[in-house]
Amino acid sequence: MRFLYRMPILIILFLSMQTVWACIPHSPNDVFIARLQSSQPTLMDNQQKGFDLQFSNPRFVFRTLRMWFFYSKPEHWQSDFELKNIKTNDLIIGLAYPTSDFKSTDYALASLATLSCKDDKLIIGKPLVSFLAWNRENGSCRHDSHDGIGILDGFIGEDQEYYLQKLQAKYPTCNKLNAAFPSGADKRGLSNSTDSVNTHSTSKQDSHPQISFWEKVKFWFRQWI
């Protein structure tokens, strides 16, 4: 039933290939929660300035069991923007995706926001940078302004209020949230150790293979079917 509901949208996107290529919005499968452990400047494959990141206890909170068979566990995280005002052990919620194909262990961040809890209510901050978001009012990724777009607002199906309610049900108290993402986690719990990052950074001298148009379309369809 869910697939039939989304079929008209998918068909419209598929028929407009140029639009599909330029505007494939994120899905809830890209949403993760974690605590920042470090952010180190680096050069990305395109020789632009970027940042190698380490997180403790990263978890893609909306992925179903079926989706875990499509994705590999992230081993390397990178962003092309600086995590300003985000400190070590801060709890964040972000959008991240595999850089080459859905089995890639290299993940790129599209944006992130702070996540906090007060009086057993989850609070999501403003996204650090704007990101590719679906506009349900005009059926495109065109927005007159990104100022009012929350980190969970840009999906085809529902808005941030809906997904925040799902998170609230998953972590009904501040204690539940902090137990799932403890502060000051042991370094053995990091998503990637310093050694693995250094080794990976050395190997990153060779560029990643770029994801093809059809692979990108196929990957996106699998997230919604």
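Computed from a predicted model, the values in this text were never measured in an experiment.

With respect to the state of the cysteines
Right, on to step 1. All told, the structure shown has 1 disulfide when counted by the stated rule.
Right, on to step 2. At a sulfur-sulfur separation of 2.1 Å, the disulfide partner of Cys117 is Cys174. Given an S-S torsion of about -85°, the disulfide between Cys117 and Cys174 has left-handed geometry. Here Cys117, found in strand S5 (residues 106-118), pairs with Cys174, found in helix H4 (residues 174-180); they are 57 residues apart in sequence, far enough to count as distant.
Right, on to step 3. Judged by relative accessible area, Cys117 falls into the partly exposed class, the value being 23%.
Right, on to step 4. You can call Cys174 buried: its relative accessible area is 12%.

Points about the confidence of the model for the chain
Right, on to step 1. Of the residues in the chain, 72% have a pLDDT of 70 or more, and the chain-wide mean is 79.
Right, on to step 2. Mean pLDDT per element in the chain: helix H5 (residues 194-203) is the minimum at 38, and strand S6 (residues 121-124) is the maximum at 98.
Right, on to step 3. Here residues 10-21 is modelled with pLDDT under 50, and outside its nearest four sequence neighbours on either side it reaches 18 contacts, counting other chains as well.

Focus: the environment of Thr114
Right, on to step 1. By the secondary structure assignment, Thr114 is in strand S5.
Right, on to step 2. Assessed through its relative accessible area of 35%, Thr114 is described here as partly exposed.
Right, on to step 3. If we skip the residues at most four places from it in the chain, Thr114 touches Ile86, Leu91, Ile92, Ile93, Ile123, Ile124 and Gly125.

Thoughts on the packing of aromatic side chains
Right, on to step 1. Tallying each qualifying case throughout the model produces 11 aromatic pairs.
Right, on to step 2. The interplanar angle of 45° and the centroid separation of 5.6 Å between the aromatic rings of Trp77 and Tyr107 together place this pair among those described as tilted. Placement of the pair is Trp77 in strand S3 (residues 76-79) and Tyr107 in strand S5, with a sequence separation of 30 residues. Considered together, Trp77 and Tyr107 belong to a single accessibility category, that of buried residues.
Right, on to step 3. Counting every residue linked through ring pairs, the aromatic cluster contains Phe32, Phe55, Phe60, Trp77 and Tyr107.
Right, on to step 4. Residue placement shows Arg63 over the ring face of Phe60; its charged tip is 3.7 Å from the ring centre.
Right, on to step 5. Sitting over the face of the ring of Tyr71, Arg63 holds its NZ or CZ atom 3.6 Å from the ring centroid.

What counts and what doesn't
- Residues numbered from 1 in each chain as written.
- Predicted model: local features only at pLDDT ≥ 70, side-chain atom pairs only at ≥ 80, totals over all residues.
- Heavy atoms only, no water.
- Disulfide = S-S within 2.5 Å.
- Helix = DSSP H or I, 4+ residues; strand = E, 2+ residues; numbered from the N terminus.
- Buried < 20%, exposed > 50% of the residue type's maximum accessible area, 1.4 Å probe, protein only.
- pLDDT = per-residue confidence, 0-100.
- Contact = heavy atoms within 4.5 Å.
- Phe/Tyr/Trp six-rings, centres within 6.5 Å; stacked < 30°, edge-to-face > 60°.
- Lys NZ or Arg CZ within 6 Å of the ring centre and 35° of its normal.

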